[in-house]
Each structure stands twice: as structure tokens, then as C-alpha cells.
Amino acid sequence: MLKSKTFLKKTRAGGVMKIVREHYLRDDIGCGAPGCAACGSAHEGPVLESQPLDRGSSLCPQPHYLLPDTNVLLHQIVNVWGPGTWASVASSLRPTGSLETYVEQKQGENSNDRNDRAIRVAAKWYNEHLKKLSAENQLQVIFITNDRKNKEKAIEEGIPAFTCEEYVKSLTDNPELIDRLACLSEEGNEVESGKIIFSEHLPLSKLQQGIKSGTYLQGTFRASRENYLEATVWVHGDAEENKEIIIQGLKNLNRAIHEDIVGVELLPKNQWVAPSSVVLHDEGQNEDDVEKEEERECILKTAVNEKMLKPTGRVVGIIKRNWRPYCGMLSKSDIKESRRHLFTPADKRIPRIRIETRQASTLEGQRIIVAIDGWPRNSRYPNGHFVKNLGQVGDKETETEVLLLEHDVPHQPFSQAVLSFLPQMPWAITDKDMKNREDLRHLCVCSVDPPGCTDIDDALHYRELANGNLEVGVHIADVSHFIRPGNALDQESARRGTTVYLCEKRIDMVPELLSSNLCSLRCNVDRLAFSCIWEMNHSAEILKTRFTKSAINSKASLTYAEAQMRIDSATMNDDITNSLRGLNKLAKILKKGRIEKGALTLSSPEVRFHMDSETHDPIDLQTKELRETNSMVEEFMLLANISVAKKIHEEFSEHALLRKHPAPPPSNYEILVKAAKSKNLEIKTDTAKSLADSLDRADSPTFPYLNTLLRILATRCMMQAVYFCSGMDNDFHHYGLASPIYTHFTSPIRRYADIIVHRLLAVAIGADCTYPELTDKHKLADICKNLNFRHKMAQYAQRASVAFHTQLFFKSKGIVSEEAYILFVRKNAIVVLIPKYGLEGTVFFEEKDKPKPRLIYDDEMPSLKVEDTVFHVFDKVKVKIMLDSSNLQHQKIRMSLVEPQIPGINIPTDTSSMANNEPERKKKKLEK
């Protein structure tokens with residue numbers, strides 16, 4: 001049946017346009033209940049559960065379905081039952097599309113009231129319809145709404161209706177579900193003390209008006225990890241000035257949470273502050289001790305040089321909440337029988353959350369998930385509710401799950417829909433596969449990777465040509481052959497964006513059949529590749545470049561150590577070894593040329609764990625050793641990425657997926673310049689070349705590790721490299737590599753960016769066909785945005801995994817003392833690096849319940865005077881390392897000073913040996 005509505009609309013030009021809207025109503029939409037004879041063939045498949053709910057409800061003892069209104073659907077569906085048990089499809093399908101339940105908007109009726117009426121009509125229709133299906137069982141549809149008027153009208157119309165809370169409380173067999181109810185309103189959940197702490201948030205209309213007029217600024221709120229009373233807001237837009245605004249103090253933070261989009265008011269210049277040098281963590285009182293917070297805020301403000309003052313503001317409103325479910329632990333209330341407790345998130349940038357639960361004793365010592373519902377003006381903390389129990393704190397599986405959830409790493413098993421697009425086994429290269437592809441299986445190709453690598457992306461070949469020149473080939477797994485655009489496998493790979501490498505496991509971007517088998521360039525098997533082949537002279541100058549899809553057969557899969565051993569061997573002279581020597585010689589020339597152009601050689605301490613084969617616990621921790629062969633592979637991968645970037649940009653000037661590394665603003669280098677100056681060294685930072693040259697010259701015969709420390713510090717000054725679409729940006733330059741253009745081509749097994757680049761290159765050389773999304777710069781920009789986020793989260797997850805395994809290592813090792821170097825000085829602490837373990841940690845000089853030492857902080861040097869001892873950046877110290885388990889939520893590696901000796905600060909030097917022998921002493925005592 002067709003219903004139509006006609007109305008007149010005035011156009012911009014002043015004319016009048018007649019608009020006709022048609023609404024088609026169907027009489028063949030089924031109810032969704034399985035086995036309903038009345039609906040017959042109208043079913044395209046059951047929508048409702050085959051078993052109606054029968055959860056022991058004291059209000060509805062008979063079997064029933066639930067039909068929620070829109071607000072309940074939005075706020076409670078995932079928290080309490082999950083989407084499977086609601087008749088949610090029916091609630092949206094019946095009112096809008098069915099002839100029997102279609103509801104037309106009455107004159108003077110608003111959309112919300114019309115929607116409420118439509119759902120009530122659907123509920124009534126269902127109850128009458130289901131009576132025919134099962135008269136003896138009295139099968140019912142229960143209407144769930146938190147709207148008082150809507151509920152009253154439903155009851156008047158003879159529809160069984162309850163609020164969400166009433167229904168959940170009636171489920172006597174599942175009392176724990178009450179904890180999962182989201183708070184309905186901020187007012188109803190405010191703390192008893194009516195004292196207003198925070199100023200009111202401006203409504204969105206006023207915020208938008210203010211942003212438009214320039215009164216307010218819009219940006220992303222980023223809470224500090226080191227100081228819970230400080231945050232920065234990164235202002236959106238192109239304006240260079242006031243790009244970053246500091247927010248300091250509880251009231252100025254005004255209930256904003258990390259990653260919220262906020263409206264900010266810039267404070268007058270006489271109220272601007274400098275970023276705080278204090279490390280300050282929330283001690284998490286159960287009561288709202290705001291006076292104590294104000295005391296702590298005084299610590300933030302110090303007399304500073306006027307040049308150090310930064311634009312400072314206060315949050316005046318929230319434009320978009322970016323809340324997610326948070327992992328963490330329950331901080332149980334000291335009040336006996338209390339239902340109200342604080343939840344401490346694992347992420348220190350998230351404030352504690354007040355929740356109500358009857359399961360506090362069960363949840364203590366567990367990792368749980370909590371969602372935020374709101375943050376009233378008179379509460380020190382936001383309100384939330386319990387969602388899920390993940391497992392025991394400290395358990396490896398639980399902690400891995402926590403870090404994957406916290407960093408939003410998609411890690412569920414691949415669905416059947418995704419797996420259905422994998423090739424059938426056994427698989428072999430066919431004639432069809434060889435179309436538009438060169439057969440290079442005769443070449444002496446080999447791969448060089450870390451030990452245990454199963455996802456081998458790249459392989460190399462080298463040979464001398466008849467004309468006296470050299471041929472070098474980089475062969476990359478042809479993943480795009482197996483992952484076709486738009487299918488479920490492609491969509492899932494795009495969503496994941498990258499493979500995530502944890503200490504004990506790998507979260508693959510593509511299913512294992514591809515990542516570790518068909519796409520992995522293992523030796524002695526035929527594999528499909530995408531090859532970049534150069535003809536070079538002996539000075540590593542490129543004479544010709546060509547790209548081709550290919551078939552290869554790798555002759556060896558080597559580790560970096562095995563390849564190095566071959567190069568260094570006096571007795572080995574086989575084809576593979578000679579190829580490696582040729583590649584290594586050219587790589588050294590290429591690296592020298594890059595560095596002369598201003599490419600940076602930076603440093604970061606990377607660690608490798610040696611695991612126990614049975615328990616999988618870390619038994620040794622070492623910094624990774626880098627060999628010439630690491631550099632050799634890196635040089636040719638960089639060269640391939642640059643060559644491909646040039647090619648795809650030539651062919652697709654507006655649609656190339658490229659990677660850039662922005663030059664850091666001069667202010668980023670302040671810490672590096674000051675640190676070098678304290679050691680009488682000069683670091684120039686006006687160009688990448690001058691920085692590279694300065695770092696090369698910054699050497700000390702008496703302090704050989706100084707140069708490494710400077711390079712580690714220089715790494716911290718850098719900006720994040722990002723993917724972008726060439727048609728949406730003007731600046732292509734890669735600062736760290738000193739290259740005018742760059743992309744990622746060499747790792748398509750573990751990076752989705754490389755798959756897009758392969759597709760662009762394949763079209764550019766006529767080896768594959770294009771598709772609409774490939775040349776849509778807006779869609780490509782969206783892909784880049786997701787890739788940048790996923791790449792960043794993968795890095796954070798990897799660091800969190802290293803941190804957790806480091807804790808496990810020191811838990812078994814006990815207390816050790818090691819030499820360390822100061823990386824940063826803070827107002828109340830020093831941050832040190834321990835070269836032996838590649839481990840970073842903080843030594844605090846102020847401890848709770850202990851006399852405070854005399855501390856004098858100098859930001860210019862930078863230095864920290866503790867009593868009569870002065871600490872500078874890069875000073876050598878000795879620290880005691882131990883695992884501090886006093887806070888189960890944030891177990892951490894704790895460091896304290898051993899040398900130099902400062903009365904009242906150090907632990908006695910013999911304490912560490914006593915601590916190490918603690919188990920032995922206890923054993924002897926028991927024997928006595």
C-alpha cells in the first residue's frame with residue numbers, strides 16, 4: 001500500500017517547489033517468532049530468540065519477549081543482556097514498514113511522542129498476535145521504558161510495561177544484573193554532600209556559537225599520565241598559534257575525560273602557567289576531599305621564566321564524549337556493607353569511577369570492566385556501572401586481555417565470513433596466476449629476518465649483469481593477490497590495520513593461512529611476490545628501476561645472525577653468501593649517502609625476553625643486539641619504499657597513499673639542547689642535517705654511552721610519522737629519513753597501508769584493475785586516519801606487554817642493583833635508564849609518611865638538588881630495582897637510589913643483598 005504526503009518548500013532563489021514523499025507499507029512482514037503459522041512465508045528468518053525469556057522474573061513468571069523503547073535500547077542493551085535477547089528488530093521493523101502497525105504523526109505531535117506511540121502500537125499488536133501462537137502458554141511481550149508518561153500510557157492501553165530497573169530487580173535468579181544498570185540521570189546519583197565542585201557545562205548551541213565567534217576554542221582533551229591535575233587540549237584547525245593549551249587544576253579540567261572533544265576558554269595572559277614538572281598521582285580517597293585537592297594544586301605552580309609560560313585555559317563544555325568501557329580494579333570502600341565503591345582504571349589518564357555493586361567481595365583482586373554513565377557537578381568522580389569480570393589480576397591471560405582491550409586492538413578470532421575468502425588447500429601457482437607476472441624462480445633469492453619469524457614479508461636478490469652493472473631485487477609478498485577489494489577478508493584487514501606483536505603472541509592482521517603460509521616467503525617453496533628491481537652501478541647509483549608482479553622461490557630463510565656469520569666467514573663462498581656480501585657492500589654506500597643528506601640515526605632501547613619453554617615466564621631480559629645485516633635489510637626496504645612512492649605519486653597525484661614525518665617544532669628540542677649544554681656540547685636543530693651532524697660530533701672519550709643517550713633523547717623530541725592521502729596534503733617530506741617522498745610497500749602481511757600501495761602500484765604498471773574506492777581521496781583519507789590510530793595503539797600495546805613481562809621478570813628475580821643514567825629531572829624525581837635491561841623508571845624523592853627532603857629544581861640547567869647533592873641529565877647513578885606489588889591495580893617496577901649516598905634518602909647498600917637472600921634466610925629459619 002502507498003501513502004504519500006505533499007508539501008510546498010521555498011527555494012533559495014525565492015521560488016516554490018512541490019515536494020511529494022511516498023511511504024510504501026507492506027502486508028507481508030512476519031512477526032519474527034519461530035514457528036508462527038499465522039505469518040507463514042512472510043518469515044525471511046526468525047528475528048526473535050527461539051526460546052522466549054524465562055529468567056525467573058517475579059513480575060512476569062510466564063515466558064515472554066522484551067520490547068524496549070529507543071532510550072533503553074541505547075543506554076542499557078549492551079550493559080545488561082547483550083543484543084541477542086531483545087526483540088529489537090521487531091521494535092524498529094513493525095512500526096515503520098508494516099501496514100498493520102504503521103503510525104502517522106498527528107498534528108501538533110512531536111517526533112519523540114510519535115515514536116513512543118509507534119512502539120506501544122507494536123507492543124499491543126505483538127501481544128494480540130502471540131495469543132494466537134500460544135494461547136495456553138500466555139506468551140507475552142513486555143514493554144520496557146524508563147519514560148514515566150510512556151509507561152503510564154502503555155498500562156492504560158493494556159500493555160504490560162515496566163522500567164528497566166523494575167524488571168531487572170524482578171530477576172531473582174540473576175541478582176548480579178542490577179550492577180549492570182546504567183545510571184539513568186546525573187541528578188539521581190549525586191553524592192549526598194550537595195556542595196557544587198564544578199562549573200556548569202555550556203550547552204552545545206552556546207559552545208558552537210562561541211567557537212564560531214572565536215570566544216572559545218575546540219580541541220581534543222588529552223590527560224597527562226604523570227599528573228592527574230594537568231591536561232593539554234590540542235586545538236582543531238589550521239591556526240598555528242595556540243595549537244596546544246594547558247589545563248591545570250581540578251576545576252579547570254571541569255569533568256573532561258581523556259580524548260573528549262571539548263570547548264575551551266583561553267585565560268588572560270597573567271593567568272598562564274608552565275607545564276608542571278611534578279609527578280602527581282591520584283591517591284584515590286573514597287570521600288570527596290576537595291580541600292586536599294586544592295592543597296595539591298599549589299604544588300603545580302612554581303616561579304618560572306616568562307618564556308616557559310604556555311597558553312592556558314579552562315574547559316567550559318563538552319562537544320563530544322569519547323567514553324569507552326574501561327578495564328581496571330575495584331577499590332573497595334572501607335565502610336562495611338557499603339554498596340558504593342571506587343573503580344580505578346588501568347589507564348592513569350582516566351579518573352576513578354564511582355560504582356554501586358553488591359559483588360564487591362567477589363570482584364576484589366579481579367580485573368573488571370566498567371562504563372561511565374555521567375559526571376554530576378557535585379561529585380569528585382564520575383558515576384558508572386559494572387560491565388564484566390575479566391579474571392584474576394596478574395594472570396597472564398587476563399593481563400593480555402586487558403592490554404588488548406585498553407588499546408582497542410581487535411583480537412577476536414577471524415569470523416567464518418572472513419575465512420570463507422581464503423584459498424582452498426592444497427594451493428599451488430596456476431597459469432591464471434602467472435598472467436601479468438614474471439617467473440623469477442631461477443634467481444638466488446633469500447630472506448633475512450629475526451629468529452622465529454614466520455610472517456616473512458620480504459626477500460632480496462643480487463647478481464652481476466653481463467654489462468658489468470649490478471641487479472638488486474626486493475621481493476615482497478603479494479598479499480593483494482589473495483585479498484580482493486571490498487570482501488569480508490579485505491574489510492577485516494582494513495579494520496585491524498596492522499599486526500600487533502606482543503612478547504608472547506602475535507595478533508595477526510590477516511588469517512594464519514596467509515600470514516604464516518601462503519604469503520610468507522619461506523625457502524624452497526614457490527610464492528607470489530611483487531618485485532622492485534634496480535640496475536645499479538658499483539657506487540650504488542640507480543640506473544633503471546622496474547616493478548613487476550612475480551613468482552619466486554627463496555633459496556634460504558636466514559636470521560640476522562646467520563646472515564652475518566656467512567658475510568664474515570672466510571670459508572663460505574656459495575651463491576647466497578656472495579649475494580649477501582654484495583648487498584651489504586651496496587647497503588653501506590646507500591646508508592652513507594642518506595646520512596650525508598641529513599637522515600637521522602636515532603636510538604631507542606629495545607628489549608628481548610628469553611622465555612621458559614614450559615611456564616612461558618621471562619627468565620632473561622636483554623637489550624636487542626643490532627648487526628650489520630639489520631642495517632643491510634633496512635637500507636633496501638627504505639629504497640624500495642621511496643622508489644614505489646615516486647611511482648604511485650607519478651600515476652596517482654591525488655590518490656597516492658604516502659607516509660610523512662613532520663619536522664618537530666623548535667620547542668620540542670629544548671630538553672635535548674639543555675641536556676647537551678649541561679655536558680658542554682652544542683646541538684643544532686635548525687635542520688635535520690644540522691641535528692644529524694651535531695649528534696655525530698657529540699662524543700666524549702670518558703663517557704662512551706653519552707652519544708647513545710643523546711640519540712635516545714632526540715628520539716623523544718620527534719613527531720609521530722603518519723599516513724596521508726597525497727591529494728589532501730601539501731607537505732610530503734619525511735624528516736627522519738631526509739626524503740622528499742616516502743610510503744610503505746614492504747610489509748603487506750602486517751600493514752594494511754602496504755596492501756593499498758600494492759593495489760595502486762599494480763594499476764600503475766597494468767598488472768591489475770582499479771576500483772572506485774582506490775581513487776576516492778576522501779575514502780583514502782578515512783583509511784589513513786584508521787591506520788594512524790591502529791599503528792599508534794599497536795605501539796602502545798607492545799610497550800604495555802613489555803612492561804608487564806618486565807614485572808614478571810623482576811618478580812622472579814627479586815631485588816637487584818644496577819647502573820643507570822638520568823634521562824630527565826623532574827621537580828620531585830629523576831627518570832633513569834638502565835642500559836643492561838633497556839629499562840626506564842622513576843626514582844621519587846618524596847614518599848608518603850616520610851620526612852620531605854630539601855629539593856631545589858632548576859629548569860634551565862636542568863637539574864635537581866636533593867639536600868646537598870645535585871643531579872643533572874645524563875649523570876650516572878646506581879639504583880635498586882624491585883617489583884612493588886603494594887598496589888595490585890598498578891603493580892610497577894619501583895626504583896630507589898643506592899648511589900650517590902644521600903642521608904635519609906638511600907637504602908643502605910647492603911640492603912639489596914639482604915633482600916636478594918630473603919628466601920634463603922627464611923628457609924634457614926624454618927630449618928632451625
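## Topic: the overall build of the chain
Assigned secondary structure in the chain consists of 23 helices and 36 strands. Considering the chain as a whole, with its 928 residues, one finds that 50% of them fall into the buried category. For the chain, long-range pairs separated by at least 24 residues make up 67% of all intrachain contacts whose partners lie at least 6 apart in sequence. Summing over all exposed atoms, the chain offers an accessible surface of approximately 45500 Å²; the carbon and sulfur share of this is 50%.

## Some remarks on the pairing of strand 32 (residues 855–858)
Two elements, strand 32 and strand 33 (residues 863–866), share 4 bridges in a ladder whose sense is antiparallel. Note that in strand 33 the partner of Tyr857 across the bridge is Leu864.

## Description of empty space enclosed by the protein
Vacant regions in the atomic arrangement are exposed by a probe of water-molecule size rolled over the atoms. In total, this model carries 5 cavities of 30 Å³ or more according to the counting rule given. The space that makes up the second largest cavity amounts to roughly 60 Å³. Around the second largest cavity, the lining residues are Asp408, Val409, Pro410, Arg496, Thr498, Val500, Ile507, Asp508, Arg790 and Ala794. Across the lining of the second largest cavity, the residue classes tally to 5 nonpolar, 1 polar and 4 charged.

## A short note on the pattern of salt bridges
Taken as a whole and judged by the stated rule, the model has 44 salt bridges. Between Glu492 and Arg495 there is a salt bridge, and its shortest N-O distance comes to 3.1 Å. Of this pair, Glu492 and Arg495 are both found in helix 12 (residues 488–496), 3 residues apart, which corresponds to roughly one turn of the helix. For Glu492, a relative accessible area of 15% translates into the label buried. Salt-bridge contacts for Lys679 lead to Asp875; the nearest nitrogen and oxygen are separated by 3.0 Å.

## Considering the sheet that holds strand 3 (residues 64–68)
With respect to topology, 3 strands assemble into an open sheet ordered 3-4-5, the strand pairing being parallel. The sheet terminates laterally at strand 3 and strand 5 (161–162), the two strands that pair on one side only. In terms of strand pairing, strand 4 (residues 140–144) meets strand 5 through 2 bridges, oriented parallel. For Ile144, the partnering residue across the bridge sits in strand 5 and is Phe162.

## What about the nonpolar core?
By size, the foremost hydrophobic cluster in this structure holds 87 residues, and its most contacted members are Leu514, Trp534, Leu580, Met632, Phe636, Leu657 and Phe745. Leaving out residues up to four positions away in the same chain, Leu580 has contacts with Cys446, Val448, Leu558, Ala563, Arg566, Ile567 and Met632. With 29 residues, the next largest nonpolar core counts Ala714, Tyr735, Phe824 and Val873 among its residues.

## Notes on unusual backbone geometry
Met425 connects to Pro426 through a cis peptide bond whose omega is -5°. Tracing the backbone through its elements, the reader meets Pro426 in the loop between helix 11 (416–419) and strand 16 (438–439). Look at the link from Glu899 to Pro900: it is a cis peptide, with omega at 0°. With respect to the helices, strands and loops of the structure, Pro900 is situated in the loop between strand 36 (892–899) and helix 22 (911–916). Not every positive phi belongs to a glycine, and Asn524 is a case in point at roughly 65°. By the secondary structure assignment, Asn524 is in the loop between helix 13 (512–518) and strand 22 (526–536). Residue classification places Asn524 among the exposed positions, given a relative accessible area of 56%. In the Ramachandran plot, Glu867 falls in the positive-phi region, its phi being about 55° despite a non-glycine side chain. Tracing the backbone through its elements, the reader meets Glu867 in the loop between strand 33 and strand 34 (869–872).

## Examining the environment of Lys124
Note on placement: Lys124 falls in helix 3 (residues 111–133). For the pair formed by Lys124 and Pro160, sequence separation is 36 residues and the distance between their alpha carbons is 9.2 Å. Once you skip the residues sitting within four places of it in the chain, Lys124 turns out to touch Glu157 and Ile159.

## Describing the packing of helix 10 (residues 396–406) against helix 21 (residues 777–813)
Contact geometry for helix 10 and helix 21: axes closest at 10 Å, N-to-C directions at 155°. Between helix 10 and helix 21, the angle is such that the two are roughly antiparallel. For the crossing formed where helix 10 meets helix 21, the hand is right-handed. Between helix 10 and helix 21, the contacting residues are Lys396, Glu399 and Leu403 on the first element and Ala797, Ala800, Ser801, Phe804, His805 and Leu808 on the second. For the contact of helix 10 with helix 21, the per-class residue count stands at 5 nonpolar, 2 polar and 2 charged.

## Some remarks on the packing of aromatic side chains
Counting across every chain of the model gives 8 aromatic pairs. Centroid distance Phe703 to Tyr821: 5.4 Å. Interplanar angle 25°. Geometry classified as stacked. Of this pair, Phe703 sits in the loop between helix 18 (688–697) and helix 19 (706–717) while Tyr821 sits in strand 29 (residues 816–825), and the two are 118 residues apart along the sequence. Accessibility expressed as a relative area gives 11% for Tyr821, which makes it buried. The interplanar angle of 80° and the centroid separation of 5.0 Å between the aromatic rings of Phe809 and Phe810 together place this pair among those described as edge-to-face. For the pair shown, Phe809 and Phe810 are each scored as buried. Clustering of aromatic rings is evident, with ring pairs tying together Phe703, Tyr705 and Tyr821. The ring of Tyr796 has Arg225 sitting right over it, with the charged end atom 5.7 Å from the ring centre. Note that Arg496 overlies the ring of Phe414, its terminal NZ or CZ placed 3.9 Å from the centroid.

## Here we look at the side chain of His461
The residue His461 is located in strand 18 (residues 458–464) in this model. Side chain to side chain, His461 and Glu471 meet in a polar contact 2.8 Å long. Within the structure, His461 has its side chain in polar contact with the side chain of His475 (distance 2.8 Å). Ignoring any residue separated from it by four or fewer positions in sequence, one finds His461 in contact with Leu443, Cys444, Val445, Glu471, Val472, Gly473, His475, Ile533 and Leu583.

## Overview of the side chain of Ser801
Examined against the element boundaries, Ser801 turns out to sit in helix 21. Within the local environment of Ser801, its side chain forms a polar contact with the backbone nitrogen of Cys503, the two atoms lying 3.0 Å apart. Discounting chain neighbours no more than four positions away, the residues touching Ser801 are Leu403, Leu502 and Cys503.

## With respect to helix 16 (residues 628–651)
Over its 24 residues, helix 16 extends 35 Å from the first C-alpha to the last, a length consistent with the 34 Å expected when each residue adds 1.5 Å. With 17 of 24 residues buried, helix 16 is to be regarded as a mostly interior element.

## What to know about the sheet that holds strand 7 (residues 230–235)
Strand order in the open sheet made by the 5 strands is 8-7-6-9-10, with antiparallel pairing throughout. Edge positions in the sheet fall to strand 8 (244–248) and strand 10 (313–320), since each of these pairs with one other strand and no more. Going from strand to strand, the sheet's axes swing by 40° on average, the running direction of each strand aside. Each of strand 6 (217–223), strand 9 (261–266) and strand 10 touches helix 6 (residues 204–213); the most contacted strand, strand 10, lies at about 120° to it.

## Quick notes on the environment of Gln795
Tracing the chain through its elements places Gln795 in helix 21. Separated by 294 residues in the primary sequence, Gln795 and Tyr501 place their C-alpha atoms 8.7 Å from one another.

## Some remarks on the confidence of the model for the chain
Averaged over every residue, the pLDDT of the chain is 82; the share at 70 or more is 79%. Below pLDDT 50 for its whole length, residues 185–193 participates in 18 contacts with residues either more than four positions away or in separate chains. For the stretch residues 909–928, pLDDT sits under 50, and the model shows 10 contacts to residues farther than four places along the chain or on other chains.

## Remarks on helix 17 (residues 670–678)
Considered for burial, the residues of helix 17 that qualify are Leu672, Lys674, Ala675 and Ala676. Looking at the buried residues of helix 17, the elements they touch are helix 18 and helix 19. Directly after helix 17, the chain includes Asn680, whose backbone phi takes a positive value near 60°.

The rules we used
- Residues numbered from 1 in each chain as written.
- Predicted model: local features only at pLDDT ≥ 70, side-chain atom pairs only at ≥ 80, totals over all residues.
- Heavy atoms only, no water.
- Helix = DSSP H or I, 4+ residues; strand = E, 2+ residues; numbered from the N terminus.
- Buried < 20%, exposed > 50% of the residue type's maximum accessible area, 1.4 Å probe, protein only.
- Contact = heavy atoms within 4.5 Å.
- Areas by Shrake-Rupley, 256 points an atom, 1.4 Å probe, with all protein chains shown as cover.
- Pairing = 2+ DSSP bridges.
- 1 Å grid on protein atoms, 1.4 Å probe; cavity = no way out; pocket = protein on both sides within 12 Å on 5 of 7 lines; lining within 4 Å.
- Points joined across faces, edges and corners; volume = space filled by probe spheres on them.
- Nonpolar A, V, L, I, M, F, W, Y, C, P; charged D, E, K, R; others polar.
- Salt bridge = Lys/Arg side-chain N within 4 Å of Asp/Glu carboxyl O.
- Core = buried A, V, L, I, M, F, W, Y, C linked by side-chain atoms within 4.5 Å.
- Axes fitted to C-alpha atoms, helices over the stretch in contact; angles between N-to-C directions.
- Parallel < 35°, antiparallel > 145°, perpendicular 65-115°, else oblique.
- Left-handed = near helix turned anticlockwise from the far one by under 90°.
- Phe/Tyr/Trp six-rings, centres within 6.5 Å; stacked < 30°, edge-to-face > 60°.
- Lys NZ or Arg CZ within 6 Å of the ring centre and 35° of its normal.
- Polar contact = N/O pair within 3.5 Å; in protein donor to acceptor, adjacent residues only side chain to side chain.
- Expected span 1.5 Å × (residues − 1).
- pLDDT = per-residue confidence, 0-100.

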